[in-house]
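Close look at the chain arrangement
Chain by chain, the residues:
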Amino acid sequence: MSEILVLVEHVEGQVKKVTLELLTLARKLGTPSAVWAGAGYSPEAKARLAEHGAEKIYVADSAEISDYVVAPKAELLAQLVAEKAPAAVLVAATAEAKEVAGRLAIKIDSGVLTDVVGVEDGLVAEQSIFGGGINVRSRVTKGTPIIAVRPNATPVEAAAGAGAEEQVTVAVSDVAKAARIAERVKEEKGARPELTEAVIVVSGGRGVGSAEKFGLIEELADSLGAAVGASRAATDAGFYPHEFQVGQTGKTVSPQLYIAAGISGAIQHRAGMQTAKTIVAINKDDEAPIFEFVDFGVVGDLHSVVPQLIDEINKR
Ligand code: FAD
């Protein structure tokens, strides 16, 4: 079976869930090999990758890779593509990995498919485009395909892989050292799941009314084990931190369930959440644009609807 390289997403040594999704998908396309780029590799990381089907793990456990912005990862992958001739390279469709993918495509003279939500035999990918409005089927026709897959597009399935380690050294070029990472913003590690990986997201908009009232959105999220998101109007107004903004200039989420409370449904917000499997909106204006693309809509004041919803959920 052809080898499929999977670029591992990791934070503080922990393998992120999207990597397990990529490994699950890679198993359907060939034999998955995980590529660990950056510091923090550990026996726990190895076990997690092997438990999800990684037959090989290429380990470049190097602080130098972690210290510079994206380019060293593209150099590492280009080196592996040249040496191993894989059938495809899978990365997560996150902002950073998509940039790695673009740089890699130039280096290996191939093409990138972004915002992929599924891949069939023949490496034909289903891409979600125009802010999720249309799905198209595409294939890279030149070189090794690089496929950036959206988080939450593939359900994780465990399957034992050999997890055979191979140490890889990459001589990071001076060009790749152009942009050094001065400081990483520590992601808030609360009890809630990470926004881009969450299975359920509850987002609040300007209609929530204030930072204090965002507590209600958090309470609903916690009753469902969900992450909290926000519209740009809400983050600009200081109701919630910018790092939780969903949309064109914020984060892209693809949860199983997205609940939007007090959000009008502007195209820029829609761009970040439209691929959610089920969308529920709570809005007091029955003509709000969001009702045009939701699965379920509640017309009402969120300050009365959300507490009732929380009560109902907590009863179950
Ligand atoms: P509003 O449009 O003001 O809507 C508030 C909604 O709440 C209304 O529909 C109202 O009926 C409802 N409401 C009010 N009170 C209640 C209540 N008590 N109960 C129930 N409903 C209530 N936006 C993003 O979200 N993410 C982005 O990444 C983003 N990027 C952008 C990039 C560019 C270049 C531009 C130009 C804009 C961008 N925007 C983005 C902004 C976007 O155009 C909208 O302005 C924004 O999404 C509106 O946020 P909102 O729906 O919370 O606010």
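Each value, and the rule that gives it
- Residues numbered from 1 in each chain as written.
- Predicted model: local features only at pLDDT ≥ 70, side-chain atom pairs only at ≥ 80, totals over all residues.
- Heavy atoms only, no water.
- 1 Å grid on protein atoms, 1.4 Å probe; cavity = no way out; pocket = protein on both sides within 12 Å on 5 of 7 lines; lining within 4 Å.
- Points joined across faces, edges and corners; volume = space filled by probe spheres on them.
- Helix = DSSP H or I, 4+ residues; strand = E, 2+ residues; numbered from the N terminus.
- Nonpolar A, V, L, I, M, F, W, Y, C, P; charged D, E, K, R; others polar.
- Buried < 20%, exposed > 50% of the residue type's maximum accessible area, 1.4 Å probe, protein only.
- Pairing = 2+ DSSP bridges.
- Right-handed = clockwise from strand over helix to strand, strands pointing away.
- pLDDT = per-residue confidence, 0-100.
- Near = heavy atom within 4 Å.
- Polar contact = N/O pair within 3.5 Å; in protein donor to acceptor, adjacent residues only side chain to side chain.
- Areas by Shrake-Rupley, 256 points an atom, 1.4 Å probe, with all protein chains shown as cover.
- Sits in = over half its atoms within 2 Å of the grid points.
- Expected span 1.5 Å × (residues − 1).
- Axes fitted to C-alpha atoms, helices over the stretch in contact; angles between N-to-C directions.
- Contact = heavy atoms within 4.5 Å.

This brings us to the layout of surface pockets. Quantified by volume, the second largest pocket comes out at close to 520 Å³. Taken together, 29 residues line the second largest pocket, and the ones lying closest to its centre are Gly205, Arg206, Gly262, Ile263 and Ser264. When contributions to the lining of the second largest pocket are tallied by element, the ones reaching two or more residues are helix H7 (232-236), helix H8 (267-270), strand E15 (278-283) and helix H9 (302-315). Residue classes in the lining of the second largest pocket are distributed as eight nonpolar, 16 polar and five charged.

Moving on: the pairing of strand E13 (residues 227-230). Side chains Ala227 and Gly229 of E13 all project onto a buried face; the interleaved residues Val228 and Ala230 project onto the opposite face, where all are buried too. With four bridges joining them, strand E12 (residues 200-204) and E13 adopt parallel strand pairing. By the bridge assignment for E13, Ser203 is matched with Gly229. Handedness of the crossover joining E12 and E13 through helix H6 (residues 214-224): right-handed.

This part takes up the confidence of the model for the protein chain. Averaged over the protein chain, the pLDDT score is 93; the fraction of residues at 70 or greater is 97%. Mean pLDDT values over the elements of the protein chain span from 85, in helix H3 (residues 63-67), up to 98, in strand E1 (residues 3-7). Across the whole predicted complex the pTM is 0.80, and at the interface the ipTM reaches 0.99.

Every one of the 25 residues lining the ligand counts as a neighbour, but Arg206, Ser231, Thr249, Ser264 and Asn283 are closest to it. Gly262 is positioned such that a nitrogen or oxygen atom in its backbone is 3.0 Å from an oxygen atom of the ligand. Isolated, the ligand exposes 980 Å² of accessible area, and the fraction of that covered by the protein chains is 76%. The site holding the ligand turns out to be the second largest pocket. Secondary-structure elements contributing two or more residues to the shell around the ligand are H7, H8 and H9. Here the shell around the ligand is composed, by residue class, of five nonpolar, 15 polar and five charged.

With that settled, the discussion passes to helix H1 (residues 17-29). In a regular helix each residue adds 1.5 Å, so 13 residues correspond to 18 Å; H1 covers 19 Å between its end C-alpha atoms and thus fits that length. Taken together, the buried positions of H1 are Val18, Thr19, Leu20, Glu21, Leu22, Leu23, Thr24, Leu25, Ala26 and Leu29.

Pairing is parallel across the open sheet formed by five strands, whose spatial order is E13-E12-E14-E15-E16. The sheet terminates laterally at E13 and strand E16 (296-299), the two strands that pair on one side only. On average, adjacent strands in this sheet sit at an angle of 15 degrees to one another, irrespective of strand direction. Summarising the sheet, strand E14 (residues 257-261) and E15 pair through five bridges and their orientation is parallel. When the sheet's bridge partners are listed, Ala261 is paired in E15 with Ile282. Relative to the sheet, H6 contacts E12, E13 and E14, its axis offset from that of E12 by approximately 170 degrees. The strands touched by H9 within the sheet are E14, E15 and E16, with E15 carrying the most contacts at an inclination of about 130 degrees.

Moving on, we come to the environment of Thr169. By the element assignment, Thr169 lies in the loop between strand E11 (164-167) and E12. Looking at Thr169, the relative accessible area reads 71%, which means it is exposed. The sequence separation of Thr169 and Ala266 amounts to 97 residues, and the corresponding C-alpha distance is 46 Å.

Once that is clear, we can look at the environment of Glu126. By secondary structure assignment, the location of Glu126 is in strand E8 (residues 124-129). As a C-alpha pair, Glu126 and Glu83 span 43 residues in sequence and 28 Å in three-dimensional space. If we skip the residues at most four places from it in the chain, Glu126 touches Asp115, Val116, Val117, Gly118, Asn135, Val136 and Arg137. Looking at Glu126, its side chain comes within polar contact range of the side chain of Asn135, at 2.8 Å.

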